[in-house]
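# A structural walkthrough
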Amino acid sequence: NAGVTQTPKFQVLKTGQSMTLQCAQDMNHNSMYWYRQDPGMGLRLIYYSASEGTTDKGEVPNGYNVSRLNKREFSLRLESAAPSQTSVYFCASSDQGYYEQYFGPGTRLTVT
Amino acid sequence: EDKVVQSPLSLVVHEGDTVTLNCSYEVTNFRSLLWYKQEKKAPTFLFMLTSSGIEKKSGRLSSILDKKELFSILNITATQTGDSAIYLCAVEPPRGNKLVFGAGTILRVKS
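What comes next concerns the included structure.

### Description of the layout of surface pockets
Taken as a whole, the largest pocket spans an internal volume of roughly 470 Å³. If you trace the largest pocket, you find 23 residues lining it, with Gln37(A), Val88(A), Arg108(A), Gln38(B) and Lys40(B) closest to the centre. Those elements that place two or more of their residues in the lining of the largest pocket are strand S9 (87–94) and strand S11 (107–111) of chain A. Taken as a whole, the second largest pocket holds about 380 Å³ of empty space. The wall of the second largest pocket is formed by 20 residues, among which Glu59(A), Glu1(B), Asp2(B), Lys3(B) and Val100(B) lie closest to the centre. Listing elements by their share of the lining of the second largest pocket, those giving two or more residues are strand S5 (43–49) of chain A together with strand S1 (3–7) and strand S10 (100–101) of chain B. Broken down by class, the residue content of the lining of the second largest pocket amounts to 10 nonpolar, 3 polar and 7 charged.

The structure is reproduced here in structure tokens:
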């Protein structure tokens, strides 16, 4: 089992460019999450999907969109990247009703 | 607004020391409190606590929850350099299906 995988590992964008971060899990989990991590601020929830077909906003959703493509995959899109979106992005998954979340290795994104 | 506060923000100790990390929260009727360890990359799960006063233990690490006073502590005894990491506390609010994380405590263990 690969667990939670994320692509790409690193990305540099110019302001205004768009990109999609991909996440997949092979644990048959119902719930998936996107977080960003900035120094001194812990993990902040961007969007989550409690089950296939549903998505909800988290703490910091502005400037992002998500798609729960199927049970395995949950993507995060930046339509028009801004320097404030420079961060490390983590995807996670969990069983519904069981709250331990499993994290992917992260994507380090720099917007210049 | 749900809030989780961890202290200290960072800590430097010597190998063999015992450390106590604190997590306080302003989340009423939460479902669970979780501790994670983050080394270079992704956070990895340590403990989940749901009941007050019951200690969870794994080797040199232990954690306890006080639901009345709204805090949890994570103890690490006989620290080793491999314990150097960011320790994250997270709380699941009553509406469920998500976690609210604290900013983390950066622990550095010197040899």
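Still more ground to cover, so stick around.
### Considerations on the interface of chain A and chain B
Across the boundary between the two partners, chain A contributes 20 residues, which contact 18 residues of chain B. Surface buried jointly by chain A and chain B totals about 1600 Å² across both partners, of which 60% is contributed by carbon and sulfur atoms. Sorting the residues of chain A by area buried against chain B places Leu43(A), Tyr99(A) and Phe103(A) first, and these three jointly supply 34% of that buried surface. Inspection of the region where chain A meets chain B yields 0 salt bridges. Between the two partners, chain A and chain B, sit 2 residue pairs in polar contact (both at pLDDT 80 or more). Secondary structure elements with two or more residues in the side of chain A that touches chain B: strand S4 (31–37) and S5 of chain A. Sorting elements by how many residues they give to the side of chain A that touches chain B places S4(A) first, with 4 residues. Residues that form the side of chain A that touches chain B fall into these classes: 12 nonpolar, 7 polar and 1 charged.

### Thoughts on the pairing of strand S8 (residues 71–76) of chain B
Residues and elements named next belong to chain B. Within S8, 5 of the 6 residues are buried, which leaves the element mostly enclosed by the surrounding structure. By the bridge criterion, 6 bridges tie strand S3 (residues 19–26) to S8 in an arrangement that is antiparallel. When the bridges of S8 are listed, Val-19 appears paired with Ile-76. Taken together, the 6 bridges between strand S7 (residues 61–66) and S8 define a ladder with antiparallel strand orientation. Paired with Ile-64 across the strands is Ile-73, a residue of S8.

Thresholds applied
Residues numbered from 1 in each chain as written. Chains lettered and ligands numbered in written order. Predicted model: local features only at pLDDT ≥ 70, side-chain atom pairs only at ≥ 80, totals over all residues. Heavy atoms only, no water. 1 Å grid on protein atoms, 1.4 Å probe; cavity = no way out; pocket = protein on both sides within 12 Å on 5 of 7 lines; lining within 4 Å. Points joined across faces, edges and corners; volume = space filled by probe spheres on them. Helix = DSSP H or I, 4+ residues; strand = E, 2+ residues; numbered from the N terminus. Nonpolar A, V, L, I, M, F, W, Y, C, P; charged D, E, K, R; others polar. Contact = heavy atoms within 4.5 Å. Buried area = accessible area lost by both parts, 1.4 Å probe. Salt bridge = Lys/Arg side-chain N within 4 Å of Asp/Glu carboxyl O. Polar contact = N/O pair within 3.5 Å; in protein donor to acceptor, adjacent residues only side chain to side chain. Buried < 20%, exposed > 50% of the residue type's maximum accessible area, 1.4 Å probe, protein only. Pairing = 2+ DSSP bridges.

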